[in-house]
Amino acid sequence: MGKIKIITPVHIFNGELIPAIKKNGYMYSVDYLMNKVITNANYDFLRNITKKISQENISNEEYVRMLNIDDKYFISDNAISKNISYGNYANSSYKIACAENVMGKPYIPGSTLKGLIFNVFWFNLIKTNQDIANYLKNSSNIKRQISNLDNKGKSLRRFFVVRDINFIDDFVLYEVNRYPNSQYNKNYQKKRVLPCGNIETIDMNSEIDCEIVKKLTDVEMKELTDSKNRLVDECNAVERQYVEALFDFIVHFKDLFQKYNYNFMQVVIQKELEYVQKTTYPDVNKTELLNLYHNIQERINKNEIIVQIGKFTNYFDKSFCCSFGEFYYNRFNSLFSPNKKKNTPTIDTMNLITVNKKGIKSLGYISLEF
């Protein structure tokens, strides 16, 4: 039996955004409130509101005030969540970014965890296998070659089953904003904090005992070995090394992952620390952030498995690509950059949980036991 514990709030986005407002501590869907009004409103009233909305950029609060909604609709039974703590840290001006859930309860999809685990696998493989690293570096399209090797290993990876992780705790909303690394740009114009919204999260200190990675049966182990042997016979030299490494990782996962992840997370933490140490933006609580990262470093150094998962975690700059070392930095703009405007693999802005108008925590850190 394993365990997952949430260190900082985790958000797994499900694609749904809800305009909402806070009233008496509860969060209410603007669409729900509007529907209540429409059933009883006259044509002229609705026409005037529609005209005003089309001409002005009004907030959710102003919109709801214009609707003049009867207080009888603002009861906990009509709220998005009946748990009043759901909206404690929400900003009433922002939309809610909804998270993956089962019957209203949060969960982490096994596919999300599996993607993270194999990201760590690739980081170690490129870092330690010079033949594979050179093979990828000499390719005209690194991402395509990685995808090709991944496809070679499909028949093996299907034996690596990661469970969906269901939590019993309720969601908690947090206001999240993107903070720049300095107060002014090179033209001395003041930089703005960019809102990310109210984010549904699995909250800090939530934990659950569960099987995370399914243990292979004797029959499955034999099938996996047979599949590996068949693959090796049809592979070229580089592909064979990949297949052997993948097989070894799946079979000895519990023995290998902590070591692989330790090396990867040193890079992850260092990248975030670089932002925190350099930022001069006054609304970033550097002290609290530094305490968070130093605490995580101490725990990792004691062999605890800590990973970062979910949305708003600056993932790209901390993917396995950084395992290419100097090559990654030298060729970032031409091979790795997610967009033409980003020239260097640094975290220039950071998404942070905001409490009392201060950015205090990064998202997505969890502790794992297998």
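These notes cover the structure that comes with them. (Residues numbered from 1 in each chain as written. Predicted model: local features only at pLDDT ≥ 70, side-chain atom pairs only at ≥ 80, totals over all residues. Heavy atoms only, no water.)

1. Let's talk about the side chain of Ser362
Thinking step 1. Residue placement: Ser362 occurs in the loop between strand S14 (358–361) and strand S15 (365–369).
Thinking step 2. When its relative accessible area of 2% is taken as the criterion, Ser362 is described as buried.
Thinking step 3. Separated by 3.2 Å, the side chains of Ser362 and Glu272 make a polar contact. (Helix = DSSP H or I, 4+ residues; strand = E, 2+ residues; numbered from the N terminus. Buried < 20%, exposed > 50% of the residue type's maximum accessible area, 1.4 Å probe, protein only. Polar contact = N/O pair within 3.5 Å; in protein donor to acceptor, adjacent residues only side chain to side chain.)

2. Regarding the pattern of salt bridges
Thinking step 1. For the structure on display, the rule yields twelve salt bridges.
Thinking step 2. Two residues, Lys82 and Asp77, come together in a salt bridge whose shortest N-O distance is 3.8 Å.
Thinking step 3. A relative accessible area of 58% means that Lys82 is categorised as exposed.
Thinking step 4. For Arg163, the salt bridge is made with Glu211, and the minimal N-O distance between the two is 3.0 Å. Note that Arg163 is positioned in the loop between helix H7 (154–157) and strand S8 (165–166) and Glu211 in the loop between strand S11 (207–210) and helix H8 (218–233), a separation of 48 residues in sequence.
Thinking step 5. Residue Arg163 is classed as partly exposed on the basis of its relative accessible area, which comes to 32%. (Salt bridge = Lys/Arg side-chain N within 4 Å of Asp/Glu carboxyl O.)

3. Some words on the layout of surface pockets
Thinking step 1. Counted as a void, the second largest pocket has a volume near 300 Å³.
Thinking step 2. Lining the second largest pocket are 15 residues; nearest its centre among them are Lys214, Lys215, Leu216, Ile250 and Val251.
Thinking step 3. Looking at the lining of the second largest pocket, the elements with two or more residues in it are H8, helix H9 (237–251) and helix H10 (253–278).
Thinking step 4. When residues in the lining of the second largest pocket are grouped by element, the largest group, three residues, is from H10. (1 Å grid on protein atoms, 1.4 Å probe; cavity = no way out; pocket = protein on both sides within 12 Å on 5 of 7 lines; lining within 4 Å. Points joined across faces, edges and corners; volume = space filled by probe spheres on them.)

4. Digging into the sheet that holds strand S2 (residues 13–18)
Backbone hydrogen bonds hold the strands of a sheet together, and the pairing may be parallel or antiparallel.
Thinking step 1. One open sheet accounts for six strands, arranged S2-S5-S10-S9-S13-S14; its pairing is mixed. In this open sheet, the two strands that pair with only one neighbour each are S2 and S14. Along the sheet, successive strands turn relative to each other by an average axial angle of 45°, direction set aside.
Thinking step 2. In this sheet, strand S13 (residues 349–355) lies alongside strand S9 (residues 172–180) in antiparallel orientation, the contact comprising six bridges. (Pairing = 2+ DSSP bridges. Axes fitted to C-alpha atoms, helices over the stretch in contact; angles between N-to-C directions.)

5. What to know about the nonpolar core
Thinking step 1. Counting residues in hydrophobic clusters, the biggest one holds 82 residues, and the most contacted among them are Ile4 and Trp122.
Thinking step 2. Per element, the largest residue contribution to this core is eleven residues, and it comes from H10.
Thinking step 3. When residues no more than four places from it in sequence are discounted, the contact partners of Trp122 are Ile132, Leu136, Ile146, Leu149, Asp150, Tyr242, Phe320 and Ser323.
Thinking step 4. Listed in part, the 15 residues of the second largest apolar core include Leu33, Val37, Ile58 and Tyr63. (Core = buried A, V, L, I, M, F, W, Y, C linked by side-chain atoms within 4.5 Å. Contact = heavy atoms within 4.5 Å.)

6. A few points about the packing of aromatic side chains
Thinking step 1. This structure, assessed with the given rule, holds 23 aromatic pairs.
Thinking step 2. Ring geometry for Tyr28 against Phe74: centres 5.1 Å apart, planes inclined by 85°, an arrangement best described as edge-to-face. With Tyr28 in strand S4 (residues 26–29) and Phe74 in the loop between helix H3 (60–67) and strand S5 (96–99), this residue pair connects regions lying 46 residues apart in the sequence.
Thinking step 3. Since its relative accessible area comes to 9%, Phe74 is described here as buried.
Thinking step 4. Each member of the aromatic cluster is reached from another via a ring pair, and the members are Phe118, Phe121, Trp122, Phe160, Tyr242, Phe249, Phe253, Phe257, Tyr260, Phe320 and Phe370. (Phe/Tyr/Trp six-rings, centres within 6.5 Å; stacked < 30°, edge-to-face > 60°.)

7. Looking at the sheet that holds strand S7 (residues 105–108)
Thinking step 1. With antiparallel pairing, the three strands of this open sheet are ordered in space as S6-S7-S8. Strands with a single pairing partner mark the edges of an open sheet, and in this sheet they are strand S6 (101–102) and S8.
Thinking step 2. The pairing of S6 with S7 spans two bridges and is antiparallel. Bridging across to S7, Val102 finds its partner in Lys105.

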